Amino acid sequence: MKGLRWRFPEAGGVVLLRERILRTLGSILPKVGHGVLALVVLGLLGLLGAWIFLGLPSRGDQALAVFPEPGDGVPWVLVQLEEKGLSRESLADLAGGLGRLGQEDRELDLPALLAGQVRRTALFLPFGQEGNPLGVFLPEKGELDSLRRGQVPAPWTGGGERPFRYEFDGALGAFRVLDAREDPAGFLALEGERVLFARSQEDLEAMKQVAAGAKKSLSLRWELEPRWRGHLLVCDGGWLDRASGEKDSPSRGAPLFLEMAWRYLLPAAVPGPGGPLGEAKWRVRGASFPWGEEKPESLTWNRQPFSLGDPPVLALGVNLPKMGEEDLRRFPGLDRLKGWLEELALPKETIGTLLRGPLVLSLGGKTQVLWFDLPGFLADFPGRGEAGQALADAVWQKLFLGTKPTALEGYDHGGATELPFTFLAAANRSDALLGLAKPEGIRPLSPEGPPFGGETVRGWGWIYADLPKLADTLGELTALDELFTGQELKNPFEEQAGDALRGFLRTLHPFLLVWDRPDGGTLKWYGR
């Protein structure tokens with residue numbers, strides 16, 4: 001899979017120094033708006049399952065497996081929940097977020113209501129215009145008895161300002177459901193001890209055929225923690241492979257799957273505000289990881305000497321293995337970083353040291369560009385020793401034409417400047433920093449604060465996101481990108497979500513996703 005492109009298109013200017021700085025930055029720093037938003041997408045894929053309100057242990061149940069197999073190339077999400085574990089408000093928020101990626105909010109109002117009433121739920125949510133949401137529910141005995149008498153349980157109407165009205169269609173053998181505006185909300189059919197939901201008669205008939213064994217079902221057998229209460233399966237329909245794979249590859253369009261199992265932690269296990277609320281395990285299938293001479297090695301990250309923008313809004317750490325020329329070309333960001341280091345005239349051995357080992361990128365703190373305060377961006381190369389010091393010295397000699405920076409406390413090489421914008425490049429024997437950030441807005445890793453919250457974190461990589469803070473930062477990221485590119489940013493999130501996405505992010509929690517193996521790991525989400 002290809003990495004994110006790290007690129008600032010060359011920015012024009014009237015001052016030669018400013019042109020040179022921006023042009024050189026273009027070879028190393030990511031296109032912050034697009035890069036950060038792309039990381040958010042990856043993070044949200046994992047978070048969709050982890051955030052939902054859950055509780056008791058469970059196991060996979062094929063009684064819920066009545067969804068027809070989707071067609072090739074269709075991206076979708078499958079969610080299974082237990083014991084009335086999903087409140088209407090929770091799924092309504094989740095539905096809103098998914099809806100902005102392809103579904104209309106109102107299409108999910110009815111399954112959102114029912115999921116909060118029954119003891120077990122499974123939902124199938126296709127993205128875009130590739131299909132309609134489907135659901136299957138296992139009600140309590142009393143609810144089943146009411147349905148068999150042709151009566152809908154009172155809580156299923158929703159009440160309040162947005163009630164649903166049910167009309168039984170004897171010819172169809174199902175309830176037609178109308179919303180408060182008398183618009184069709186879908187169909188419900190009792191099939192044994194389960195209730196099927198579909199938006200159209202055609203979809204309902206297809207589910208009945210699956211239940212009768214006439215059509216093949218999408219499996220709900222879970223490989224990860226089958227007794228945990230919540231499960232999620234995401235399929236990208238081959239989108240990522242088509243976007244990043246070789247054009248002539250015979251396997252082009254192969255789907256990638258993300259499976260997740262999660263549970264809430266007992267209240268006694270939560271140490272207080274900011275403590276972990278729940279945990280998840282996740283696994284990716286169908287992806288190839290194109291490492292070269294070596295595979296990544298695990299690190300104990302909470303013992304690494306790195307710094308972050310303060311407070312961290314988004315951060316990523318990865319332990320880079322040794323990679324040859326051909327290997328680096330598979331990762332455009334790293335390849336561009338290598339080219340930029342070569343432009344600084346650093347020795348080949350020094351460049352090799354910088355491109356191997358832990359690398360931490362973070363969004364947080366502030367940077368000042370002209371009279372604007374914008375989110376700060378920081379790249380940290382822990383443990384590089386003399387190579388890190390050589391990097392800091394070369395930046396000021398080559399990029400800033402020998403300008404003497406203001407010394408940064410604790411760092412004996414390099415420093416920071418505020419003109420033409422806030423920039424720092426500083427190093428000591430254990431740490432090397434490079435970024436657009438005010439020095440007072442960075443801090444060393446805190447033993448108790450984010451991203452690790454005092455816990456031992458071991459793996460070859462991790463992502464931390466404070467999603468409520470990120471919601472407030474999205475607009476600033478767009479302004480930062482436009483400032484450096486000189487072009488209006490065509491932001492897919494703004495086009496599809498805008499204020500709705502930011503509102504959705506504010507309902508979520510900070511999370512930490514850890515890779516403790518190349519194809520999977522853990523996730524925890526925290527109180528605010």
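Just so it is clear, the model here is predicted, and its values are computed rather than measured.

Rules and cut-offs
- Residues numbered from 1 in each chain as written.
- Predicted model: local features only at pLDDT ≥ 70, side-chain atom pairs only at ≥ 80, totals over all residues.
- Heavy atoms only, no water.
- Helix = DSSP H or I, 4+ residues; strand = E, 2+ residues; numbered from the N terminus.
- Buried < 20%, exposed > 50% of the residue type's maximum accessible area, 1.4 Å probe, protein only.
- Contact = heavy atoms within 4.5 Å.
- Areas by Shrake-Rupley, 256 points an atom, 1.4 Å probe, with all protein chains shown as cover.
- Phe/Tyr/Trp six-rings, centres within 6.5 Å; stacked < 30°, edge-to-face > 60°.
- Patch = residues over 30% accessible without salt bridge, like charges linked within 9 Å, V, L, I, M, F, W, Y side chains within 5 Å.
- Salt bridge = Lys/Arg side-chain N within 4 Å of Asp/Glu carboxyl O.
- Core = buried A, V, L, I, M, F, W, Y, C linked by side-chain atoms within 4.5 Å.
- pLDDT = per-residue confidence, 0-100.

As for the overall build of the chain
Part 1 of the reasoning: Secondary structure summary: the chain contains 14 helices and 23 strands in total.
Part 2 of the reasoning: Here the chain holds 528 residues, and the buried ones make up 54% of them.
Part 3 of the reasoning: Taking all contacts inside the chain whose residues are at least 6 apart in sequence as the whole, residues at least 24 apart take part in 68%.
Part 4 of the reasoning: By element, 51% of the accessible surface of the chain is carried by carbon and sulfur atoms, the whole surface being about 23,300 Å².

Comments concerning the packing of aromatic side chains
Part 1 of the reasoning: Summed over all chains, the structure comprises 15 aromatic pairs.
Part 2 of the reasoning: When the centroid spacing of 6.2 Å and the interplanar angle of 85° are considered together, the rings of Y166 and F175 count as edge-to-face. Neither Y166 nor F175 differs from the other in exposure class; each is buried.
Part 3 of the reasoning: Aromatic side chains W282 and W515 sit 5.9 Å apart centroid to centroid with 80° between the ring planes, which places their arrangement in the edge-to-face category. Of the two residues, W282 is situated in strand β10 (residues 276-285) and W515 in strand β22 (residues 511-517); the sequence distance between them amounts to 233 residues.
Part 4 of the reasoning: Classification of W515 as buried rests on a relative accessible area of 18%.
Part 5 of the reasoning: Aromatic ring contacts, followed pair by pair, group F67, W76, F124 and F257 into a single cluster.

Quick word on a nonpolar patch on the surface
Part 1 of the reasoning: On the surface, L370, W371 and F372 cluster together to form a nonpolar patch covering roughly 370 Å² of accessible area.
Part 2 of the reasoning: Within the secondary structure, L370 sits in the loop between β14 (357-369) and β15 (372-380).

Examining the pattern of salt bridges
Part 1 of the reasoning: Taken as a whole and judged by the stated rule, the model has 15 salt bridges.
Part 2 of the reasoning: Close ionic contact of R443 with D310 constitutes a salt bridge, the shortest N to O distance being 3.2 Å. Taken together, the positions of R443 in strand β19 (residues 442-444) and D310 in the loop between β12 (307-309) and β13 (312-320) put the pair 133 residues apart, joining distant regions of the chain.
Part 3 of the reasoning: A relative accessible area of 35% means that D310 is categorised as partly exposed.
Part 4 of the reasoning: When the shortest N-O distance is used, the salt bridge between R517 and D519 registers 2.6 Å.
Part 5 of the reasoning: Judged by relative accessible area, D519 falls into the partly exposed class, the value being 21%.
Part 6 of the reasoning: Linked through salt bridges whose partners overlap, the residues forming this network are K141, D145 and R148.

Observations regarding the nonpolar core
Part 1 of the reasoning: Grouped together as the largest cluster of nonpolar side chains are 71 residues, with contacts concentrated most on L341, L391, V395 and F423.
Part 2 of the reasoning: Considering each element in turn, this core owes the most residues, seven residues, to helix α11 (residues 386-399).
Part 3 of the reasoning: For L341, the contacting residues outside a window of four places in its chain are L346, I351, L354, L355 and L391.
Part 4 of the reasoning: Judged by nonpolar contacts, the second largest core, of 25 residues, contains V66, L78, F124 and L218.

Remarks on the environment of K398
Part 1 of the reasoning: Along the polypeptide, K398 turns up in helix α11.
Part 2 of the reasoning: Sequence separation between K398 and E343 is 55 residues; the distance between their C-alpha atoms is 8.6 Å.

Here we look at the confidence of the model for the chain
Part 1 of the reasoning: Within the chain, residue pLDDT values average 77, and 73% of them lie at 70 or more.
Part 2 of the reasoning: Note that residues 1-60 has pLDDT below 50 and, in this model, 173 contacts with residues that lie over four places away or in other chains.
Part 3 of the reasoning: A low-confidence stretch, residues 98-103 stays under pLDDT 50, and its non-local contacts, those more than four residues away or across chains, total 19 contacts.

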